[in-house]
Amino acid sequence: MIKFLDLQQLNQQYAAELKAAAARVIDNGWYILGEEVTAFEQEFAAFCQVPEAIGVGNGLDALTLVLLAWLALGKLKTGDEVLVPGNTFIATALAVKAAGLKPVLVEPEPLRFTLCPLAAQAAITDRTKAVIPVHLYGAMTDMHGIMALAKKHDLLVLEDAAQAHGASLNGKMAGSFGHAAAFSFYPGKNLGALGDGGAITTSDPVLSETVRALRNYGGLQKYHHELVGVNSRLDEMQAAFLRVKLARLNNENKARLQRAMVYNEALAQSGLILPQQPVNSIHSFHLYVVQSPRRNELAAHLQQRGIQTQIHYPVPIHRQQAFKELAMLHLPVTEKLANQILSLPLSPVLSAEEQGMIIHAILDFTQGDRC
Ligand SMILES: *Cc1c(COP(=O)(O)O)cnc(C)c1O
């Protein structure tokens, strides 16, 4: 059986250091908002080339807290429209709704999977106040296009970088383009904790201070609450684990990229549509997603050979019960993608032998069974 992602094997590489990090926190005796979180925030900000990172409970909260902060600062008003790609993970749209704002779904660029600036422009009304580009699968959104559009229409830009730790465009890191960015450290992400975690990056000191208050009951000083906050803090244990993992992130991303290039070369003649790396960008290859009109048959064929695949994501947001108010939308690019995309196993610990077996099985399918 070739697993889609072998997390046990991935973290086993660093088991000794992870155990030492846990021991450090246990022996220190301070578990919430202490020196591990502060150190991780500084290290992650430096990695993303931004002045500030704020650790929070998870990626969904990272997105929601930025929007709540903008509401608290009077930069957004309840009911404002926020542009969101139609083909993203549900969390992007859930955050908008949780903050009392209105998600407006926009079609992606079909080959890049990311928000199309032209489609975004066409969706702008006088109530549109923000846009959330998602660097889906690790592919950078056309941030030059999005930032130009935002400037022209005075929109706030919140990057959803939950799949793009270490991705960059023209040498500029994911999470450093917008007015703020949200990251997730869910265990399966490129930078994964051993539990839940998330972070916000920004170069806006006022936003940073507001988010720091909001994540901790709405106050910066204990028992003084200026804002209606929540409890969403990265904890010391996860921060300590993340510091171990962050030191390995560049190497792990290189290993992902190398495996993606192997797929690209081996599958070039397969007839599958392969992922594209946007010009002048470094893709973080959180996922390696191919497209085929025979997607379901291909997935079944690989399953039969003991190869796990996944679909990110099988049901678009406007087809979810939770967003039934959007059910009248017709988003042909998003809908077609949902029917044709397939994520192949790709991780820093996928062995060359396993990848060879996957490639062989795919070519058997696309060239008709040779065996
Ligand atoms: C994982 C993910 C999130 C949510 O992160 P959690 O930590 O699971 O809350 C948000 N957006 C995208 C694009 C994601 O992939």
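Turning our attention to the sheet that holds strand β3 (residues 102-106). In space, the 7 strands of this open sheet follow the order β1-β9-β8-β5-β4-β2-β3, with mixed pairing throughout. Every interior strand has two partners, whereas the edge strands, β1 (52-56) and β3, have only one. The mean angle between the axes of side-by-side strands here comes to 25°, regardless of whether they run parallel or antiparallel. Relative to strand β9 (residues 198-202), β1 is paired through 5 bridges, and the arrangement is antiparallel. Residue pairing for β9: Glu52 is matched across the bridge by Thr202. Packed on one face of the sheet, helix α3 (residues 35-48) meets β1, β8 (180-184) and β9 and runs near 130° to β1.

Take the site of the ligand next. Within the structure, the ligand sits among Asn58, Gly59, Leu60, Phe89, Ala91, Thr92, Val134, Asp160, Ala162, Gln163, Ser184 and Lys189. Contacts to the ligand include Gly59, whose backbone N or O atom sits 2.7 Å from an oxygen atom. Within the side chain of Gln163, a nitrogen or oxygen atom sits 2.8 Å from an oxygen atom of the ligand. With the chains in place, 90% of the 380 Å² that the ligand exposes on its own is no longer accessible. Here the shell around the ligand is built from residues that sort into 5 nonpolar, 5 polar and 2 charged.

Of all the positions in helix α11 (residues 332-340), only Thr334, Glu335, Leu337, Ala338 and Gln340 are classed as buried. As for α11, its buried residues are in contact with β11 (288-291), α10 (295-304) and β12 (341-344).

Here we come to the packing of α3 against helix α9 (residues 236-266). Contact pair α3 / α9: the axes reach a minimum separation of 8 Å and the direction vectors enclose 30°. Judged on the interaxial angle alone, α9 and α3 are roughly parallel. In terms of crossing hand, the pair formed by α3 and α9 is left-handed. Of the residues in α9, those touching α3 at Glu35, Glu36, Val37, Ala39, Phe40, Glu43, Phe44 and Phe47 are Glu236, Ala239, Ala240, Leu242, Arg243, Leu246, Leu249 and Asn250. For the contact of α3 with α9, the residue count by class is 10 nonpolar, 1 polar and 5 charged.

Ordered in space as β7-β6-β10, the 3 strands form an open sheet in which the pairing is antiparallel. Each edge of the open sheet carries a strand with a single partner, namely β7 (172-173) and β10 (281-282). Inspection of the sheet shows strand β6 (residues 168-169) paired to β10 by 2 bridges, in the antiparallel sense. Note on β10: the bridge partner recorded for Ser168 is Ile282.

Cut-off values and rules
- Residues numbered from 1 in each chain as written.
- Predicted model: local features only at pLDDT ≥ 70, side-chain atom pairs only at ≥ 80, totals over all residues.
- Heavy atoms only, no water.
- Pairing = 2+ DSSP bridges.
- Helix = DSSP H or I, 4+ residues; strand = E, 2+ residues; numbered from the N terminus.
- Axes fitted to C-alpha atoms, helices over the stretch in contact; angles between N-to-C directions.
- Contact = heavy atoms within 4.5 Å.
- Near = heavy atom within 4 Å.
- Polar contact = N/O pair within 3.5 Å; in protein donor to acceptor, adjacent residues only side chain to side chain.
- Areas by Shrake-Rupley, 256 points an atom, 1.4 Å probe, with all protein chains shown as cover.
- Nonpolar A, V, L, I, M, F, W, Y, C, P; charged D, E, K, R; others polar.
- Buried < 20%, exposed > 50% of the residue type's maximum accessible area, 1.4 Å probe, protein only.
- Parallel < 35°, antiparallel > 145°, perpendicular 65-115°, else oblique.
- Left-handed = near helix turned anticlockwise from the far one by under 90°.

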